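Single-letter residue listing:
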Amino acid sequence: MSNHIENGQVRVLGIDLGKSVFQLHGVDASGKSVLKKRLKRDELLEYMAQLPPCLVGMEASSGAHHWARKFQGYGHEVRLMAPQYVKPYVKRHKNDSVDAEAICEAVQRPNMRFVGIKSVAQQEILALHRVRSLAVKNRTALVNQIRGLLAEYEIVFPKSIKQARRAIVLILSDESSEMSANFRVILEDERDELAHLDERIGKYEREIEALAKAEPQCRLLMTIPGVGPITATALLASVGDVRAFKNGRELSAWIGLVPNQHSTGGKAWLTGISKRGNGYLRTLLIHGARAALRVCENKPDRRSQWAVSVSERRGANRAVVALANRMARSAWAMLVKQEAYGASAAV
């Protein structure tokens, strides 16, 4: 095995990624194991640069897209896989060596599903979405905390961030309340923190809107009713090459918007949506569908009337999910055909 780099024996390489140590497992053209090696972080790139081009498999975990882009620069064919698809190939108790062997085995399967390698630009857009999402979550938690604190003084206001802003201003300006000076200081700090979070979220949303306006495909997606800059940029950054999906239903299933199926004995039962895949993207599509459903009654087009009929027959929540499913399918068709939303793009 010492001369595997010189004679090019390695045809398929599985790499188990870690924080500081990486385990490699390679096989030759016949499937025989010819490489088992453990490398530190600062040794991996140099080693891969010397290795003749081969098929490299990795789990789509932290740092995988960065390493994939680097290895592609050295001429390797890189494929990423979801960890749950690799797990069935683990033969013994879990350790780095066994995991690398399982990755090497899984990447060779003809029916394996692979994860698209994201570019630096895609990762930066998703990073912007993540920090915005966390800021929104923190703002919601802060408003809930303010509501709980004020409830102790029998001060109650509607469940709304807008109402919370108004209530704090009115409460702090009311000198006749029973609140002490110390509690007023606490409430002022909460008000300042809320204003700071509002400023951060507004900044992130303006950056996302600018990215959406500059990207033609985002502008195309925003012609779908219920899809705005946030959903459009998240969809493009998460999906990457939409042609990796055979049809719109595959994209919708990847997002987790199709019914969960349980079949046995030739009989199939469909339950609620699978909720697999990208939960953040699914949430955005469902929120967008809910907003679109509110105005469907006033629109005469076939899609709007279909959504209204589903809402009347099955309820508003099922109609929202069905509409989100249809939005995902429309997005796939539009990106593939490069057509604006209309009769030819809606599926």
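If you look the protein up in an unreviewed UniProt entry, it shows as Putative transposase IS116/IS110/IS902 family protein from Magnetofaba australis IT-1.

Engineer: Can you explain the nonpolar core? Please cite residues and give values.
Structural biologist: Ranked by internal contacts, the top residues of the largest apolar core, which has 44 residues, are L221 and I255. Taken domain by domain, this core gets at least three of its residues from each of domain 2 (120-214) and domain 3 (216-337). Sequence-distant contacts of L221, defined by excluding residues within four places in its chain, comprise V227, A232, L235, L236, A331, M334 and L335. Counting 22 residues, the second largest nonpolar core, distinct from the first, contains V10, Y47, C54 and V78.

Engineer: Which residues make up the sheet that holds strand β3 (residues 33-40), and what values do they have?
Structural biologist: Spatially, five strands are ordered β3-β2-β1-β4-β5 in an open sheet, and the strand pairing comes out mixed. One side of each edge strand has no neighbouring strand; the edge strands of this open sheet are β3 and β5 (77-81). Adjacent strand axes in the sheet meet at a mean angle of 20 degrees, parallel and antiparallel pairs treated alike. The sheet contacts of helix α5 (residues 96-106) involve β1 (12-16), β2 (21-27), β3, β4 (55-59) and β5, and relative to β1 the element is tilted by about 140 degrees.

Engineer: Please provide a residue-by-residue account of the UniProt feature "domain: Transposase IS110-like N-terminal" (unreviewed entry) in the protein, values included.
Structural biologist: Listed under "domain: Transposase IS110-like N-terminal" (unreviewed entry) in the UniProt record, and renumbered for this structure, are residues 13-153. Taken end to end, residues 13-153 is 48% helix and 21% strand, and its first and last C-alpha atoms sit 65 Å apart.

Engineer: Give me the packing of helix α10 (residues 229-239) against helix α12 (residues 279-293): which residues, what numbers.
Structural biologist: Contact geometry of α10 with α12 gives a least axis separation of 10 Å together with a crossing angle of 150 degrees. Here α10 lies roughly antiparallel to α12, going by the angle between them. Seen along the crossing, α10 lies across α12 with a hand that is left-handed. Across from I230, T231, A234, L235 and S238 in α10, the residues of α12 making contact are Y280, L281, L284 and L285. A per-class count over the contact of α10 with α12 returns seven nonpolar, two polar and no charged.

Engineer: Lay out the layout of surface pockets in plain terms, naming residues and giving numbers.
Structural biologist: Taken as a whole, the largest pocket spans an internal volume of roughly 1700 Å³. If you go around the largest pocket, you meet 41 residues; those closest to its centre are Y85, F114, F245, W254 and G277. In terms of residues, the lining of the largest pocket owes the most to one element, helix α6 (residues 120-151), which gives six residues. What the second largest pocket holds in volume is close to 440 Å³. Considering the residues around the second largest pocket, the lining is formed by 18 residues, among which P259, I273, R318, V321 and A322 are closest to the centre. Secondary-structure elements contributing two or more residues to the lining of the second largest pocket are β7 (267-273), α13 (302-314) and α14 (316-337). The leading source of residues in the lining of the second largest pocket is α14, at seven residues. When grouped by side-chain class, the residues that make up the lining of the second largest pocket number nine nonpolar, four polar and five charged.

Criteria and thresholds
- Residues numbered from 1 in each chain as written.
- Predicted model: local features only at pLDDT ≥ 70, side-chain atom pairs only at ≥ 80, totals over all residues.
- Heavy atoms only, no water.
- Core = buried A, V, L, I, M, F, W, Y, C linked by side-chain atoms within 4.5 Å.
- Buried < 20%, exposed > 50% of the residue type's maximum accessible area, 1.4 Å probe, protein only.
- Domains from an automatic or database assignment.
- Contact = heavy atoms within 4.5 Å.
- Pairing = 2+ DSSP bridges.
- Helix = DSSP H or I, 4+ residues; strand = E, 2+ residues; numbered from the N terminus.
- Axes fitted to C-alpha atoms, helices over the stretch in contact; angles between N-to-C directions.
- UniProt positions renumbered as here; feature names shortened; annotations may be inferred.
- Parallel < 35°, antiparallel > 145°, perpendicular 65-115°, else oblique.
- Left-handed = near helix turned anticlockwise from the far one by under 90°.
- Nonpolar A, V, L, I, M, F, W, Y, C, P; charged D, E, K, R; others polar.
- 1 Å grid on protein atoms, 1.4 Å probe; cavity = no way out; pocket = protein on both sides within 12 Å on 5 of 7 lines; lining within 4 Å.
- Points joined across faces, edges and corners; volume = space filled by probe spheres on them.

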